[in-house]
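Examining the three-dimensional arrangement
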Amino acid sequence: MIPVLNCSNIDESNPYIREWTVFAIRNLTEDNPENQKIIAELRIQGAVDTPILEKAGVKIELTDDGKPKLVPRLKHSRVE
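Cut-offs applied
Residues numbered from 1 in each chain as written. Predicted model: local features only at pLDDT ≥ 70, side-chain atom pairs only at ≥ 80, totals over all residues. Heavy atoms only, no water. Helix = DSSP H or I, 4+ residues; strand = E, 2+ residues; numbered from the N terminus. Rg over C-alpha atoms; globule rule 2.2 N^0.38 Å. Buried < 20%, exposed > 50% of the residue type's maximum accessible area, 1.4 Å probe, protein only. Contact = heavy atoms within 4.5 Å. Areas by Shrake-Rupley, 256 points an atom, 1.4 Å probe, with all protein chains shown as cover. Lys, Arg positive; Asp, Glu negative; His and termini not counted. Charge placed at Lys NZ, Arg CZ, Asp CG, Glu CD. Pairing = 2+ DSSP bridges. Phe/Tyr/Trp six-rings, centres within 6.5 Å; stacked < 30°, edge-to-face > 60°. Polar contact = N/O pair within 3.5 Å; in protein donor to acceptor, adjacent residues only side chain to side chain. Salt bridge = Lys/Arg side-chain N within 4 Å of Asp/Glu carboxyl O.

Right, let's talk about the overall build of the protein chain for a bit. When helices and strands are tallied, the protein chain shows 4 helices and 2 strands. In the protein chain, the order of α-helices and β-strands from amino to carboxyl end is α-α-α-α-β-β. Relative to the globule expectation of 12 Å for 80 residues, the C-alpha radius of gyration of the protein chain, 17 Å, shows a markedly less compact shape. Projecting the C-alpha coordinates of the protein chain onto the three principal axes gives extents of approximately 60 × 35 × 15 Å. Counting over 80 residues, the protein chain shows a buried share of 11%. Considering only residue pairs separated by 6 or more positions, the protein chain has 20% of its internal contacts joining residues 24 or more positions apart. Carbon and sulfur atoms make up 55% of the accessible area of the protein chain, which totals about 7400 Å². Put simply, the protein chain has 11 plus and 13 minus side-chain charges, and the middle of one group is 6 Å from the middle of the other.

Here we come to the pairing of strand β2 (residues 68-72). Two elements, strand β1 (residues 58-62) and β2, share 5 bridges in a ladder whose sense is antiparallel. Residue pairing across strands places Leu62 opposite Pro68, the latter belonging to β2. Taken together, β1 and the strand that follows it, β2, pair antiparallel across an intervening segment of 5 residues, in which Gly66 is found at a positive phi of about 85 degrees.

Excluding glycine, residues mostly carry a negative phi; peptide bonds, for their part, are mostly trans. A positive phi angle, near 55 degrees, is found at Asp31, a position not held by glycine. Structurally, Asp31 is set in the loop between α2 (17-29) and α3 (33-40).

Here we take up the packing of aromatic side chains. Evaluated as defined, the whole model comprises 1 aromatic pair. Between Trp20 and Phe23, the ring centres sit 6.3 Å apart and the planes meet at 75 degrees, which makes this aromatic pair edge-to-face. In this pair, Trp20 and Phe23 are both assigned in helix α2, 3 residues apart and thus about one turn of the helix distant. Accessibility expressed as a relative area gives 58% for Trp20, which makes it exposed.

Further remarks concern the side chain of Thr29. Turning to its location among the elements, Thr29 is positioned in helix α2. Judged by relative accessible area, which is 15%, Thr29 ranks as buried. At a separation of 3.3 Å, a polar atom in the side chain of Thr29 contacts the main-chain carbonyl oxygen of Arg26. Thr29 has contacts with Met1, Asn35, Gln36 and Ile39, leaving out every residue within four places of it along the chain.

Here we come to the pattern of salt bridges. If you walk through the whole model with that rule in mind, you get 4 salt bridges. Taking the shortest distance from any N to any O, the salt bridge between Asp49 and Arg73 comes out at 2.4 Å. Of this pair, Asp49 sits in the loop between α3 and α4 (51-56) while Arg73 sits in the segment after β2, and the two are 24 residues apart along the sequence. The class of Arg73 is partly exposed, set by a relative accessible area of 24%.

These figures capture arrangement, not role.
Pasting the structure below:
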């Protein structure tokens, strides 16, 4: 189960890998309590900053209860 979950990253050379991973996870968890338990016990370990988020002017922060939240990046103003 974990190797399949590791395939859910965005990969520019294989743009549909995430969709195939979602489909595989669905098939692996359907009528399978053991795999459902693995998914249910997953916890966020941190947020990853990506160039796509940076370009969009946002970043992901974790709230106090560990949930991800999309927030705008602060723009640095240059003082001359």
